[in-house]
Amino acid sequence: YEVGLYRVNGSDTQIKQLKDRLIKRHQAPNFSKIIDVHVLCSFIKDFLNNLTEHLITYDSWYRFAKICDNQNELDRIQQLEEAILDLPEANRDTLAYLLLHLQRISERPECK
C-alpha cells in the first residue's frame, strides 16, 4: 500500500548492510526488523541489477525480443511460454515470482 514502491530509494547504509549479510556472509537478514519498505525494494532492485546474468539470459534475449514483434497474440503467447520454459530453472522461477509480485503491486492504485 506504499506510495512510490520501487521508485523511492531506501537508505544506502541499510541496503549495504543487507547486501553484506546476505551475499558476503551468506546469512539471511531478519527482514522483520527492517522498518522502511523502500530499503527492501531498493535491495531487490540492486540485487537484480547486479546479477552476473539477467533473468532473461543473454542467449535468450534476442528470442524474446523477436517474439514481441509477432502481431498474432495467440502465437506470441505460445512462443513466450515456450521461451520461458527454456530458461534455466532458477531464472524461470525467479522471473515468475517477480512478475506475480509486481502484478499484485500494480493492482493497488495507492502504490502508483
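Presented here is an overview of the structure given in this document. Keep in mind that this is a model prediction, so the values were computed, not measured.

Here we come to the overall build of the protein chain. Secondary structure summary: the protein chain contains 5 helices and 0 strands in total. Secondary structure elements of the protein chain occur, N-terminal to C-terminal, as α-α-α-α-α. Principal axes of the C-alpha set define a box for the protein chain whose edges measure 45 × 35 × 20 Å. Long-range pairs, those at least 24 residues apart, make up 62% of the contacts in the protein chain between residues at least 6 apart in sequence. Accessible area of the protein chain: about 8600 Å², with a carbon and sulfur share of 54%. Averaged over its 15 positive side-chain charges, the protein chain has a centre that lies 9 Å from the centre of its 17 negative ones.

With that settled, consider helix 3 (residues 58-68). For helix 3, the set of buried residues is S60, F64 and I67. Buried positions in helix 3, seen along its axis, are confined to an arc of 55° and lie on one side of it. In helix 3, those exposed residues whose orientation departs by more than 90 degrees from the buried face are Y58, W61, Y62 and K66.

Turning our eyes to something else, we now look at the nonpolar core. Core analysis: the largest hydrophobic core is formed by 7 residues, namely L55, F64, I67, A83, L87, L95 and L98. The residues contacting L98, other than those within four sequence positions of it, are L48 and L55.

Definitions and limits used
- Residues numbered from 1 in each chain as written.
- Predicted model: local features only at pLDDT ≥ 70, side-chain atom pairs only at ≥ 80, totals over all residues.
- Heavy atoms only, no water.
- Helix = DSSP H or I, 4+ residues; strand = E, 2+ residues; numbered from the N terminus.
- Contact = heavy atoms within 4.5 Å.
- Areas by Shrake-Rupley, 256 points an atom, 1.4 Å probe, with all protein chains shown as cover.
- Lys, Arg positive; Asp, Glu negative; His and termini not counted.
- Charge placed at Lys NZ, Arg CZ, Asp CG, Glu CD.
- Buried < 20%, exposed > 50% of the residue type's maximum accessible area, 1.4 Å probe, protein only.
- Arc of directions from axis to C-beta.
- Core = buried A, V, L, I, M, F, W, Y, C linked by side-chain atoms within 4.5 Å.

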